[in-house]
Amino acid sequence: MNVSNKVALVTGVTGFLGRYVARYFSEQGWSVIGIGTSPPENAPLANLTKYYCLKLPNSNLHEILQERSPLICIHCAGRASVGLSVSEPASDFYTNSIVTFEVLNALRIYSPKCKFIFLSSAAIYGNPESLPVRETQTVAPISPYGFHKLMCEQLCLEFTKIYGLSTASLRIFSAYGPGLRRQVLWDICQKAITQSSLLLQGTGQESRDFIHALDIAKALSVVVESAPMEGEIYNLGTGREVTISELARIVLESLEQNCQLQFDGVVPIGNPLNWQADISKLKSIGFTPTVELERGVKTFVNWCRAELVGV
């Protein structure tokens, strides 16, 4: 695709994944416009042609779509916390399901040729019936976050089937990378750096499939270039299952520490036990993950150490 003078709209551009997406697409020659809720001084302005500080839904989106005519919209906006979705389901529903509907509806009216890519989550699988999990497996969310992401996928399919909008959803497994100040990898790193012992939730045998944010951005580019965009779903991981105990070991080796590792045996409500993605569908259109976990964790650890102790 010739991307000269082509516009990409990224919602949630000031968030963790939004920043990676904006940077990557800018480097690929796209003119990237971003929507976020952070003040301009906290936005990735170097990668953006234009930044709009808006809390979606917002009627100003209509004017933006008409003025900028984006070719693609990558929807990174929305709350991304299983725990908060359990304690505050109304807020999670609003920021995920309602906002996604409003963006899709605005595209339908004001920019119907724009391709829409939704960042979904493996949380929609809950505890999968088998591993590696395929897109065809039965979905069984165990958190409001998972249910709301599933609703958003259905909204994408609705707007494709009823209104002809080009959409696709990517079920991201466990995203990580410098800039992420939450979830298990950050928890392990900050505790290992600042404490003499390392107490983590669960048993240590829970597992995840970790995908670096840079690879997520690359996958989105592949979908833009090669996917049919007919409301279909893609798993986005690496295909490698890693237990939390193994992840902690990789972190401690990167830190060159012999911190005592303990688990409290408590799995928080809404958290699945084991994940591993089957990414053959995404591979079939040209995606291959490039950031190997040990290398990615090393980079994350160095960033985390600099953030916490300034070295």
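In the block above lies the structure referred to throughout.
Numbers given for residues are sequential positions, taken from 1 along each chain in its written order. Local features in this predicted model are restricted to residues whose pLDDT is 70 or higher, and side-chain atom pairs enter the listing and the counts only when it is 80 or higher, whereas totals over whole chains, interfaces and linings include all residues. Note: side-chain values were computed over all heavy atoms of the structure, leaving out hydrogens and water.

> What am I meant to see in the nonpolar core here?
When a protein is soluble and globular, its nonpolar side chains tend to lie buried together. To qualify as a nonpolar core, a set must consist of buried Ala, Val, Leu, Ile, Met, Phe, Trp, Tyr and Cys residues joined through side-chain atoms within 4.5 Å. Accessible area is worked out with a 1.4 Å probe on protein chains only. A residue is then buried under 20% of its type maximum, exposed over 50%, and partly exposed in between. One finds F25, L220, V223 and L236 to be the most contacted residues of the largest nonpolar core, which totals 67 residues. What counts as a helix is a DSSP run of H or I of at least four residues, what counts as a strand is a run of E of at least two, and both are numbered from the N terminus. If one sorts the elements of this core by residue count, helix α7 (residues 213-226) sits on top with eight residues. The criterion used for residue contact is that any of the two residues' heavy atoms lie within 4.5 Å. Filtering out sequence-adjacent residues up to four positions away, V223 remains in contact with I117, A168, L170, M229, L282 and I285. If you look at the next biggest cluster of nonpolar residues, it comprises 24 residues, including Y52, L56, L65 and F159.

> Quick question: what am I supposed to make of the pattern of salt bridges here?
Pairs can form between side chains of opposite charge whenever their charged atoms are close. Salt bridge criterion: a side-chain nitrogen from Lys or Arg within 4 Å of a carboxyl oxygen from Asp or Glu. Per the counting criterion, the structure on display carries eleven salt bridges. With a closest N to O distance of 3.4 Å, R240 and E246 form a salt bridge. Of the residues examined, R240 reaches a relative accessible area of 28% and is grouped as partly exposed. Accessibility expressed as a relative area gives 24% for E246, which makes it partly exposed. Linked by salt bridges that have partners in common, R240, E246, R249, E253, E292 and E294 make up one network.

> Explain the pairing of strand β6 (residues 167-172) to me, please; I cannot follow it from the model alone.
Note on strand geometry: in a regular strand, side chains alternate between the two faces of the sheet. Burial within β6 is extensive, with six of its six residues counted as buried. Handedness is read with the strands pointing away from the viewer; a crossover is right-handed when the path from the first strand over the helix to the second is clockwise. Handedness of the crossover is the feature at issue here: the chain leaves strand β5 (residues 115-121), passes through helix α5 (residues 144-163), returns alongside β6, and the resulting connection is right-handed. When DSSP finds two or more bridges between two strands, those strands count as paired. In terms of strand pairing, β6 meets strand β11 (residues 230-236) through six bridges, oriented parallel. Considered in β11, the bridge of S169 is made with I233.

> When you look at empty space enclosed by the protein in this model, what are you seeing that I'm missing?
Over the atoms, a rolling probe the size of a water molecule traces out where space has been left empty. A cavity here means a set of points on a 1 Å grid, drawn over the protein atoms and nothing else, where a 1.4 Å probe fits but cannot get out; a pocket is an open set with protein on both sides within 12 Å along at least five of seven lines, and a residue lines either one if it has an atom within 4 Å of a point. Grid points are joined across faces, edges and corners, and a volume is the space filled by probe spheres set on the points. Enumeration over the complete set of coordinates arrives at one cavity of 30 Å³ or more. Approximately 30 Å³ is the volume attributed to the largest cavity. Here the residues of the lining of the largest cavity are counted per class, giving five nonpolar, three polar and no charged. Side-chain classes follow a simple rule in which Ala, Val, Leu, Ile, Met, Phe, Trp, Tyr, Cys and Pro form the nonpolar group, Asp, Glu, Lys and Arg form the charged group, and the remainder, Gly included, forms the polar group.

> Help me understand a nonpolar patch on the surface, please; the structure alone is not making it clear to me.
To count toward a patch, a residue needs a relative accessible area over 30% and no salt bridge; like charges are then connected within 9 Å, while nonpolar side chains (Val, Leu, Ile, Met, Phe, Trp, Tyr) are connected within 5 Å. Here the open area of atoms and residues is found with the Shrake-Rupley method and a 1.4 Å probe, where only the protein chains shown may cover a residue. A cluster of nonpolar residues, F93, F147 and M151, forms a patch on the protein surface that exposes about 260 Å² of accessible area. By the secondary structure assignment, M151 is in helix α5.

> Explanation requested: the packing of helix α1 (residues 16-27) against α7 in the structure shown.
Two packed helices can be described by the angle between their axes and the distance between those axes. Every angle, taken between N-to-C directions, lies between 0 and 180 degrees, and every axis is a line fitted to C-alpha atoms, over only the stretch in contact when it is a helix. The N-to-C vectors of α1 and α7 enclose an angle of 55°; their axes lie 9 Å apart at closest approach. Taken as axis vectors, α1 and α7 run oblique relative to one another. As for how α1 packs across α7, the hand of that crossing is right-handed. Contacts from F16, L17, Y20, V21, Y24 and F25 of α1 reach α7 at A213, L214, I216, A217, K218, L220, S221 and V224. Split into classes, the residues belonging to the contact of α1 with α7 amount to twelve nonpolar, one polar and one charged. Roughly parallel means an angle under 35 degrees; roughly antiparallel means over 145; roughly perpendicular covers 65 to 115; every other angle is labelled oblique. Each crossing is labelled by how the near helix is turned from the far one, with a counterclockwise turn of less than a right angle marking it left-handed and a clockwise turn marking it right-handed.

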